[in-house]
Amino acid sequence: SQYSATDCCRLGIEEYKAKNFTKAKAYFSSMQNEEGTEGFSSDLALLRAIYIAKIMLEEGQQVSEAQSTLLSVEKYIKKSRIEKISDSFYSVLLQCKIQSESWEEIPSVYSKLKEPDADALLVISSYYYKKGQFEKVDSSCGELYASALCRLGKYEEACSEFERLKLKTADYAIALFILQRY
């Protein structure tokens, strides 16, 4: 290709951010020809895999394919010099785990995140909710948190949360009924 692997990676990321997935995939796939040549680093392989997996998830493709794309480059994480690449990698892997409903694998992937983002907190909180560990649901998780408060019998707090979120759900109605605010 007329671009170096580094350029293709940069251009692919730009196209991904602009939601031009077809163009992004074209740039990322043209990087494969460079693999094994001087100037093609494990960091480039890592970035390519992360973005290809993100595109697969966005397009609703096989989650298992996205996951194996990621796992094929996991070995490069420790030696990467890219700041926060580990969290980017494990955040995408976490999305794979929840989309494939691999619930038992969620805590171990989550534990590898140094600074979990809002999506990661929602995933781990969904795991805790599903397991009935309602007290562990993060307070940043909106409706899930409010429902967890109901499950814990904390109806006053739950009502406040539902009101703050301006949500009218079945759990909210039950909490109001229990508190005799109907």
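The structure displayed is predicted, hence computed values, not measured ones.

A. How the structure looks around the side chain of Gln 67. Tracing the sequence through the fold places Gln 67 in helix 4 (residues 63-71). The residues touching Gln 67, leaving out its near neighbours within four places in the chain, are Leu 93, Cys 96, Lys 97 and Ser 100.

B. Expanded view of the confidence of the model for the protein chain. Averaged over every residue, the pLDDT of the protein chain is 91; residues scoring 70 or more account for 95%. Least confident of the elements in the protein chain is helix 10 (residues 170-178), whose mean pLDDT is 87; most confident is helix 6 (residues 106-110), at 97.

C. Region of interest: the pattern of salt bridges. Under the defined criterion, the tally for this structure stands at ten salt bridges. One salt bridge connects Arg 10 with Glu 14, and the closest N-O pair in it is separated by 3.2 Å. Taken together, the residues span about one helical turn, with Arg 10 and Glu 14 both in helix 1 (residues 5-17) at a distance of four residues. Take Arg 10: its relative accessible area is 42%, and that puts it in the partly exposed class. Overall, the relative accessible area of 43% leaves Glu 14 in the partly exposed class. We note a salt bridge from Glu 105 to Lys 97, for which the minimum N-O separation is 2.3 Å. Overall, the relative accessible area of 37% leaves Glu 105 in the partly exposed class. Taken together, the shared-partner salt bridges connect Asp 7, Arg 10 and Glu 14 into one network.

D. Looking closely at the state of the cysteines. In the structure shown here, the tally under the stated rule is zero disulfides. With no disulfide of its own, Cys 96 has Cys 9 as its nearest cysteine by sulfur position, at a separation of 18 Å. There is no disulfide at Cys 159, and the cysteine sulfur nearest it, in Cys 150, is 6.8 Å away. Owing to a relative accessible area of 0%, Cys 159 belongs among the buried residues under this scheme.

E. Here's a closer look at the environment of Ile 77. Mapped onto the secondary structure, Ile 77 falls in the loop between helix 4 and helix 5 (85-99). A residue is classified by how much of its surface remains accessible, and Ile 77, at 9% relative accessible area, is buried. The spacing of Ile 77 and Ser 91 is 14 residues in sequence and 13 Å in space, taken between C-alpha atoms. Each residue touching Ile 77, except ones within four places of it in the same chain, is listed here: Leu 46, Ser 86, Phe 89 and Tyr 90.

F. Quick peek at the environment of Tyr 110. Note on placement: Tyr 110 falls in helix 6. Note on Tyr 110: relative accessible area 18%, which makes it buried. Between the C-alpha atom of Tyr 110 and that of Tyr 90, which follows or precedes it by 20 residues, the distance is 7.3 Å. If near-sequence neighbours (up to four positions away) are discounted, Tyr 110 is found in contact with Leu 94, Pro 116, Ala 120, Leu 121 and Ile 124.

Conventions adopted
Residues numbered from 1 in each chain as written. Predicted model: local features only at pLDDT ≥ 70, side-chain atom pairs only at ≥ 80, totals over all residues. Heavy atoms only, no water. Helix = DSSP H or I, 4+ residues; strand = E, 2+ residues; numbered from the N terminus. Contact = heavy atoms within 4.5 Å. pLDDT = per-residue confidence, 0-100. Salt bridge = Lys/Arg side-chain N within 4 Å of Asp/Glu carboxyl O. Buried < 20%, exposed > 50% of the residue type's maximum accessible area, 1.4 Å probe, protein only. Disulfide = S-S within 2.5 Å.

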